[in-house]
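Topology and contacts: notes
Below, each chain spelled out in residue letters.
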Amino acid sequence: MSQQTDDAGGARGGLFGAGGRFKGGTDAIMEKFNESISFDKRMWKQDIQGSIAYAKAIEKVGIITAEERDQIVEGLGKVSEEWAAGKFEIKPGDEDIHTANERRLTEIIGAVAGKLHTGRSRNDQVATDTRLWVVEAERDILKDMGTLLEAGAEFARKHIDILMAGYTHLQPAQPIRFSHWLMSHMTPLMRDADRLRDMIPRANQCPLGSGALAGNAFGVDREFLAKELGFDGVTDNSLDSVCDRDFVVEFLMWHALMLTHLSQLAEDLIINNLLKCVEMSDLYATGSSLMPQKKNPDALELLRGKAGIALGKAVGLTATLKGLPRAYNKDLQEDKVPLFEAVDTVKDCLAIATGVIVTMTPHPDNLMKALCPEMLATDLADYLVRKGVPFRETHHISGACVRLAEEKKVSIDTLTLEQLQGIDSRFEADVMNVWDYEVSVERKSSIGGTSKKTVLDQIEKCIAFARTL
């Protein structure tokens, strides 16, 4: 059975107790179902920042005196100190971070605290808090991404001379540099960082002063509020201001894509770890409870696993939003948990990925073992192209050489000049120089290619970009 709390200051707290619109308290189950203080307390700092700015704004229009403004600001400073010291006491009736902070402010400075909420709604208050929190989190994440990108690029530079097999369809394709492969994973992360940086100005708009939905009845200066809080500007429509969660969805979609890119890196490393081409540090591996020999790349498997959950969060919140009428609805409270979890996951994954990269050990000999002469079949075709033969023709000629080697059960690089000339008379003695992996990779010298110079260019570009984050 549920239990109702009927005292005036009970389950509804001092702000929403009986005696106003409501005759009694809320059902205990409803109180638990309705509360958000258990998770939105993470925004305590942003909530206090918003209240301090709002106190200044309502003083400017004569709602409170300068003395009352100072009382409120000083009181909020004490509330902030309690949160920072871990001494803030959440009490029954503290439904959310806004009511908790106002309740404590009232305890500290008395009835004047009741003037703070004049013209303000929790609708524009929570929208403000969330935007402030998201922008701060996004800026922190950009710094973490800069750390990962620079670490990855420096690791690539350190191992610039290692060659490995490049794959398409998980089949050996062409020789590449190990550093080229690693930078192929840094490049999408650079795009991710660029996207995140582009998102910040859209999130960094001030909704405070929009009221519950219709706007502020006391003429508060919203541009002043935006400047006080470090926003880039103000939102344009008060109804939209209180129900807009585009910036949350954008972040969730962004984190799903970024974690997809980390998942792809993790999968490549899992395969290379299996082949003993790259060895994971013990710092990022675990053992088996039964098999003593096991060293499992659990960090990589968890990185790979996070991407699917991330996509679920993004789709889930979008589905929640799609049917909402204007303006604010309590459904919007459901944005916080996936948002907070997404930020935590992103920061953890970036730290893990950075650690994995800087502590892993590539094994050049094993990476080279994966190279096979058949991967130079395109180079064989290119040899004839340089002698003026159309590529469509050389493609068939090289394919015939591959087939001949398969039929004779030999490696293609062991075919004699006579055998090659039996397929096409335009092969000359210098064709035997084709079977050199280093020469092959160095020929790929256009921008973005796998030659040493072009990979070093990619590395320098990545480092320069990382230092702007």
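This structure is a prediction, so every number in the text was calculated from the model and none was measured. (Residues numbered from 1 in each chain as written. Predicted model: local features only at pLDDT ≥ 70, side-chain atom pairs only at ≥ 80, totals over all residues. Heavy atoms only, no water.)

Things to note about the overall build of the protein
- From N to C terminus, the protein includes 18 helices and six strands.
- Its C-alpha radius of gyration of 31 Å places the protein more than 25% over the 23 Å reference for a compact globule of 469 residues.
- Taken along its principal axes, the extent of the C-alpha atoms in the protein is 100 × 55 × 40 Å.
- Considering the protein as a whole, with its 469 residues, one finds that 48% of them fall into the buried category.
- For the protein, the proportion of contacts with a sequence separation of at least 24, taken over those separated by at least 6, is 73%.
- Accessible surface for the protein amounts to roughly 22600 Å². Of this, 54% is attributable to carbon and sulfur atoms.
- The centroid of the 56 positive side-chain charges in the protein is displaced by 1 Å from the centroid of its 70 negative side-chain charges. (Helix = DSSP H or I, 4+ residues; strand = E, 2+ residues; numbered from the N terminus. Rg over C-alpha atoms; globule rule 2.2 N^0.38 Å. Buried < 20%, exposed > 50% of the residue type's maximum accessible area, 1.4 Å probe, protein only. Contact = heavy atoms within 4.5 Å. Areas by Shrake-Rupley, 256 points an atom, 1.4 Å probe, with all protein chains shown as cover. Lys, Arg positive; Asp, Glu negative; His and termini not counted. Charge placed at Lys NZ, Arg CZ, Asp CG, Glu CD.)

Regarding the layout of surface pockets
- Put simply, the largest pocket is a space of about 440 Å³.
- At the level of elements, strand E1 (163-168), strand E2 (171-177), helix H7 (178-203) and helix H10 (246-274) are the ones that each hand at least two residues to the lining of the largest pocket.
- The dominant element in the lining of the largest pocket, judged by the number of residues it contributes, is E1, at five residues.
- In terms of residue class, the lining of the largest pocket is built from nine nonpolar, seven polar and two charged. (1 Å grid on protein atoms, 1.4 Å probe; cavity = no way out; pocket = protein on both sides within 12 Å on 5 of 7 lines; lining within 4 Å. Points joined across faces, edges and corners; volume = space filled by probe spheres on them. Nonpolar A, V, L, I, M, F, W, Y, C, P; charged D, E, K, R; others polar.)

Let's talk about the pattern of salt bridges
- In the structure shown here, the tally under the stated rule is 38 salt bridges.
- With its nearest N and O atoms 3.8 Å apart, the salt bridge here joins Arg-326 to Asp-240. On the criterion of sequence distance, the pair formed by Arg-326 in the loop between helix H11 (298-322) and helix H12 (336-359) and Asp-240 in helix H9 (residues 238-243) is long-range, its members being 86 residues apart.
- What makes Arg-326 exposed here is its relative accessible area of 58%.
- According to the relative accessible area criterion, Asp-240 is partly exposed, its value standing at 31%. (Salt bridge = Lys/Arg side-chain N within 4 Å of Asp/Glu carboxyl O.)

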